[in-house]
Amino acid sequence: MSSLTDLLAGDPDNPDLLLKKSDIFLKQGDYERAMDVYEQVQKSPYHQPLVNTYLSTTELYAKQLLNEKNHEEALAVIDSGLVYKDNKDLRYMKGLAYEGLRKFDSAYYYQKFYEPSLIELDDFKAHLRALAQKSDQNYVAISHLRARFGDDNRITSISSFEYGRLQQGGSAYVGRIHYAGREEGKGIQGQLEWSRPWSTAFATRIDITGSGDQKLVYQDLECIPHSKV
């Protein structure tokens with residue numbers, strides 16, 4: 001490393017020497033210092049090996065920042081890579097960063113660039129639908145579920161109507177009406193839900209539910225730790 005440093009002292013903008021120096025940092029897992037080396041890519045934007053290595057380092061460093069939930073810095077790192085070359089993986093990661101920042105419309109736009117495998121396809125489409133829904137300030141959902149429990153051949157069904165309103169800060173107000181039809185009787189249940197994220201790692205949800213002519217039958221206050229992106 002000392003001899004390489006001496007060579008760079010005499011020729012600090014040499015892209016081949018910079019590549020060698022960055023490789024040392026990459027092997028050490030020091031992506032931040034590897035990124036600093038590639039600030040020189042601005043002076044050699046047409047040196048393809050340097051640009052390609054810069055992009056791969058950008059991906060590695062951005063993944064590390066996303067895992068640490070440092071979404072703002074991850075976004076800045078990703079944007080620095082996209083300046084030099086359009087890259088679908090970086091665009092998808094940009095969507096993950098926006099999702100962490102709860103900017104769901106931008107998250108939906110950039111995550112669409114991901115190309116899932118056949119195994120991932122259904123989950124990916126469901127996640128995109130959820131992001132699209134969160135992008136809307138108001139939404140309405142209607143569902144009908146049919147289920148059979150264990151060895152019992154009888155089918156139980158529940159129909160639901162849901163209205164939700166999403167706020168700028170991530171707070172959500174949701175009202176639901178459920179109707180269940182069973183052999184032992186029919187019933188209607190109402191539910192009110194409020195949720196709010198306080199940070200990327202902590203959120204609160206309150207549920208209040210009542211049915212028929214009964215008084216309040218269910219109240220829940222829950223603190224939800226978010227899973228990693």
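Residues numbered from 1 in each chain as written. Predicted model: local features only at pLDDT ≥ 70, side-chain atom pairs only at ≥ 80, totals over all residues. Heavy atoms only, no water.

## Observations concerning the overall build of the protein chain
Then comes step 1: Helix and strand counts for the protein chain come out as 8 helices and 6 strands.
Then comes step 2: Listed N to C, the secondary structure of the protein chain is α-α-α-α-α-α-α-α-β-β-β-β-β-β in terms of helices and strands.
Then comes step 3: The burial tally for the protein chain puts 34% of its 229 residues in the buried class.
Then comes step 4: Only carbon and sulfur atoms are counted for the fraction: they give 51% of the accessible area of the protein chain, which is about 14500 Å². (Helix = DSSP H or I, 4+ residues; strand = E, 2+ residues; numbered from the N terminus. Buried < 20%, exposed > 50% of the residue type's maximum accessible area, 1.4 Å probe, protein only. Areas by Shrake-Rupley, 256 points an atom, 1.4 Å probe, with all protein chains shown as cover.)

## Digging into the environment of Q191
Then comes step 1: Locating Q191 in the fold gives a position in strand 4 (residues 185-197).
Then comes step 2: For the pair Q191 and T209, spaced 18 residues apart in sequence, the C-alpha separation works out to 4.3 Å.
Then comes step 3: At 3.3 Å, the side chain of Q191 and the side chain of H178 are in polar contact. (Polar contact = N/O pair within 3.5 Å; in protein donor to acceptor, adjacent residues only side chain to side chain.)

## Some details on the packing of aromatic side chains
Then comes step 1: One pass over the structure, following the stated rule, counts 7 aromatic pairs.
Then comes step 2: Every member of this aromatic cluster is reached through a ring pair, and the members are Y98, Y109, Y110 and F113.
Then comes step 3: Across the ring face of F113, the terminal group of R91 is positioned such that the distance to the ring centre comes to 4.6 Å. (Phe/Tyr/Trp six-rings, centres within 6.5 Å; stacked < 30°, edge-to-face > 60°. Lys NZ or Arg CZ within 6 Å of the ring centre and 35° of its normal.)

## Let's talk about unusual backbone geometry
Then comes step 1: Phi is positive for K69, which is not a glycine, with a value near 60°.
Then comes step 2: Looking at the element boundaries, K69 is found in the loop between helix 4 (48-67) and helix 5 (71-82).
Then comes step 3: Not every positive phi belongs to a glycine, and R102 is a case in point at roughly 65°.
Then comes step 4: Mapping R102 onto the fold places it in the loop between helix 6 (88-100) and helix 7 (104-111).
Then comes step 5: Take R102: its relative accessible area is 30%, and that puts it in the partly exposed class.

## Points about the environment of V140
Then comes step 1: Residue placement: V140 occurs in strand 1 (residues 138-148).
Then comes step 2: Here the alpha-carbon distance between V140 and F161, two residues 21 residues apart in the chain, equals 7.6 Å.
Then comes step 3: When neighbours within four sequence positions are excluded, V140 is seen to be in contact with F161, E162 and Y163. (Contact = heavy atoms within 4.5 Å.)

## Focus: helix 4
Then comes step 1: Across its 20 residues, helix 4 extends 29 Å between first and last C-alpha, which sits within 8% of the 28 Å expected from 1.5 Å per residue.
Then comes step 2: For helix 4, the full list of buried residues reads L50, V51, T53, Y54, L55, T57, T58, E59, Y61, A62, L65 and L66. (Expected span 1.5 Å × (residues − 1).)

## Section: the side chain of K94
Then comes step 1: Looking at where K94 falls in the secondary structure, it is placed in helix 6.
Then comes step 2: Residues within four places of K94 in sequence aside, it is in contact with L75, I78, D79, L82 and Y110.

## Notes on the packing of helix 5 against helix 6
Then comes step 1: Across the interface, helix 5 lies against helix 6 with an axial gap of 9 Å and an inter-helix angle of 155°. If you check the angle between helix 5 and helix 6, you find them roughly antiparallel. As for the relative orientation of helix 5 and helix 6, their crossing is left-handed in sense. From helix 5, H71, L75, I78, D79, G81 and L82 reach across to helix 6, where they touch L90, R91, M93, K94, L96, A97, Y98 and G100. (Axes fitted to C-alpha atoms, helices over the stretch in contact; angles between N-to-C directions. Parallel < 35°, antiparallel > 145°, perpendicular 65-115°, else oblique. Left-handed = near helix turned anticlockwise from the far one by under 90°.)

## Topic: a nonpolar patch on the surface
Then comes step 1: On the surface, V140, I142, F161, Y163, I177, Y179 and I188 cluster together to form a nonpolar patch covering roughly 720 Å² of accessible area.
Then comes step 2: For the nonpolar patch, the secondary structure elements donating two or more residues are strand 1, strand 2 (155-166) and strand 3 (172-182).
Then comes step 3: Following the sequence through the fold, Y179 ends up in strand 3.
Then comes step 4: With a relative accessible area of 37%, Y179 lands in the partly exposed category. (Patch = residues over 30% accessible without salt bridge, like charges linked within 9 Å, V, L, I, M, F, W, Y side chains within 5 Å. Salt bridge = Lys/Arg side-chain N within 4 Å of Asp/Glu carboxyl O.)

## With respect to the nonpolar core
Then comes step 1: The biggest cluster of nonpolar side chains holds 25 residues, and the ones touching the most others in it are Y61, L66, V77, I78, L90 and M93.
Then comes step 2: Secondary-structure elements contributing two or more residues to this core are helix 3 (31-37), helix 4, helix 5, helix 6, helix 7 and helix 8 (118-135).
Then comes step 3: Sorting elements by how many residues they give to this core places helix 4 first, with 7 residues.
Then comes step 4: Ignoring sequence-local partners within four residues, the contact set of M93 consists of E59, A62, K63, L66 and I78. (Core = buried A, V, L, I, M, F, W, Y, C linked by side-chain atoms within 4.5 Å.)

## Notes on the side chain of E162
Then comes step 1: With respect to the secondary-structure elements, E162 resides in strand 2.
Then comes step 2: Looking at E162, its side chain comes within polar contact range of the side chain of R176, at 3.0 Å.
Then comes step 3: Those residues within four positions of E162 in sequence are excluded, and the remaining contacts are Y139, V140, A141, V174, G175 and R176.

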